[in-house]
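Each chain, written out:
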Amino acid sequence: MPRVNPQILEWARESAEIPPDLAARKLAFKDSKNGTASEKLLSLESGEKEPTQPQLVKMAALYKRPLITFYLEQPPVVSDKGGDFRRLPEGYSREENARVDALLRDVKARQEMVKGLLEDEDEAVSLDFVGSMSMRDSVDTLVVSIREKLGVSVGNLRECRNPDDAFKYLRSKAEGLGIFVLLIGDLGSFHSAISTEVFRGFALADNMAPFIVINDKDSKAAWSFTLMHELVHLWLGETGVSNVSSEASVERFCNDVAGEFLLPRSEIMHVPVSQDMQIAQLISVITDFSTQTNLSKTLVAYNLLKARKINRGQYNALSSTFRRFWREDRRASSGESGTPDYFVVRRHRMGPALISLVRRMIQDGAVTPTKAATILGVNPHAVGKVVGV
């Protein structure tokens, strides 16, 4: 079992701005003849004693850090979320925003462990596409570069049966390049869910083990767009977090590249709409077209706006209407009977690339079930069923 880094115990407490005596009391340490409560805590932070698992669980909750953090070799950089490209909505939940920070820390810790495994097993490869472009390059240049690297044509996407299959296809192509694509929209339970208004996705740019996380609370039709959006961030070499709407120039640029990749101008010009049409007519045409192309209705509307086939007022009305439709559909589907298999869901969320890596490392004896559990975000007893060993 990996040992806890005592430096990180101290760092986690200090970064949470909790003095030793208060932390010891909240962690239920007691004064005794062997020392005071705070002395017992400090003995753990100095490395004199090893904390128990229950104590670590309490520390993780008190310091607002994922459990995996305590096993890192060095304390992570404080508040290193990269670029924050979001425009948060009015009245957003500060608690939800804090969950985004916690999720970023958790996934970064997993990324560091994956990089360590790749280096230890001499499988680390420098990925030349990470940071290979900039916003000085044109949208078309980025589209061509990403399309060639992925080996994906528009025809390939149109051959998919539905939006879910289209996403799986794009995900497999991205993971084939060495990118880990995860679907995570909470901190482990529905009680800690994060809305897409606060977080839609983020990219951790790294030339050895780049990660993309997509909020699975979003519609499945939107996953492909978010994946492409975050891929652009990797091509730009930028780590950062995005949400549904943003006025940042880099976000508009990533949206434009993702939109052109999934729905080229040559296709959008043939959609039979105009600025004279009523909203109801536009909804009908766009819905039919999005079904045929496996794309989200909002993406279709966005590209129609860029092509000046609809105006800003029409787009705003369509966008809000499609979001309302999605919320209504989600509420309706939440009442459906039947619970999906836990292990199937976990495998889907972690993605084939991460599952395959962990399985192979376990079989080779390069990683323990405990470390594998922290990488996958599951209980150690569940690792075998999740990875299939």
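Quick caveat: nothing in here was measured; it's all calculated off a predicted structure.

Caption draft 1: Focus on the packing of helix 6 (residues 139-150) against helix 10 (residues 249-262). Relative to each other, helix 6 and helix 10 sit at 55°, their axes nearing to 9 Å. Taken together, the axes of helix 6 and helix 10 are oblique relative to one another. Handedness of the crossing formed by helix 6 with helix 10: right-handed. Contact with helix 6, carried on its side by Val139, Asp140, Leu142, Val143, Ile146, Arg147 and Leu150, involves Phe253, Asp256, Val257, Glu260 and Phe261 of helix 10 and no other residues of that element.

Caption draft 2: Structural detail: the packing of helix 8 (residues 163-176) against helix 9 (residues 220-236). In the contact formed by helix 8 and helix 9, the axes pass within 7 Å of each other and the chain directions differ by 25°. With respect to helix 9, the axis of helix 8 lies roughly parallel. The crossing of helix 8 and helix 9 is left-handed. Contacts between helix 8 and helix 9 involve Pro163, Asp164, Ala166, Phe167, Leu170, Arg171 and Ala174 from the former and Lys220, Ala221, Trp223, Ser224, Leu227, Met228 and Leu231 from the latter. Taken together, the residues of the contact of helix 8 with helix 9 sort by class into 10 nonpolar, one polar and three charged.

Caption draft 3: Up close: helix 16 (residues 352-363). In this model, helix 16 (12 residues) spans 16 Å end to end at C-alpha, consistent with the 16 Å of a helix rising 1.5 Å per residue. Burial in helix 16 covers these residues: Ala353, Leu354, Ile355, Leu357, Val358 and Met361. Trailing helix 16 by a residue or two, Gly365 shows a phi angle of about 75°, which is positive.

Caption draft 4: Expanded view of the pattern of salt bridges. Applying the stated criterion to the full structure yields 21 salt bridges. For Arg110, the salt bridge identified is with Asp106, shortest N-O distance 2.8 Å. With Arg110 and Asp106 both in helix 5 (residues 94-120), this residue pair falls four residues apart, about one helical turn. What makes Asp106 buried here is its relative accessible area of 14%.

Caption draft 5: How the structure looks around the side chain of Asp218. For Asp218, the location among the structural elements is in the loop between strand 4 (211-214) and helix 9. Residue Asp218 is classed as buried on the basis of its relative accessible area of 4%. Discounting residues that sit within four places of it in the chain, Asp218 has contacts with Thr196, Arg200, Trp223, Thr226, Arg323 and Trp326.

Rules used in this analysis
Residues numbered from 1 in each chain as written. Predicted model: local features only at pLDDT ≥ 70, side-chain atom pairs only at ≥ 80, totals over all residues. Heavy atoms only, no water. Axes fitted to C-alpha atoms, helices over the stretch in contact; angles between N-to-C directions. Helix = DSSP H or I, 4+ residues; strand = E, 2+ residues; numbered from the N terminus. Parallel < 35°, antiparallel > 145°, perpendicular 65-115°, else oblique. Left-handed = near helix turned anticlockwise from the far one by under 90°. Contact = heavy atoms within 4.5 Å. Nonpolar A, V, L, I, M, F, W, Y, C, P; charged D, E, K, R; others polar. Expected span 1.5 Å × (residues − 1). Buried < 20%, exposed > 50% of the residue type's maximum accessible area, 1.4 Å probe, protein only. Salt bridge = Lys/Arg side-chain N within 4 Å of Asp/Glu carboxyl O.

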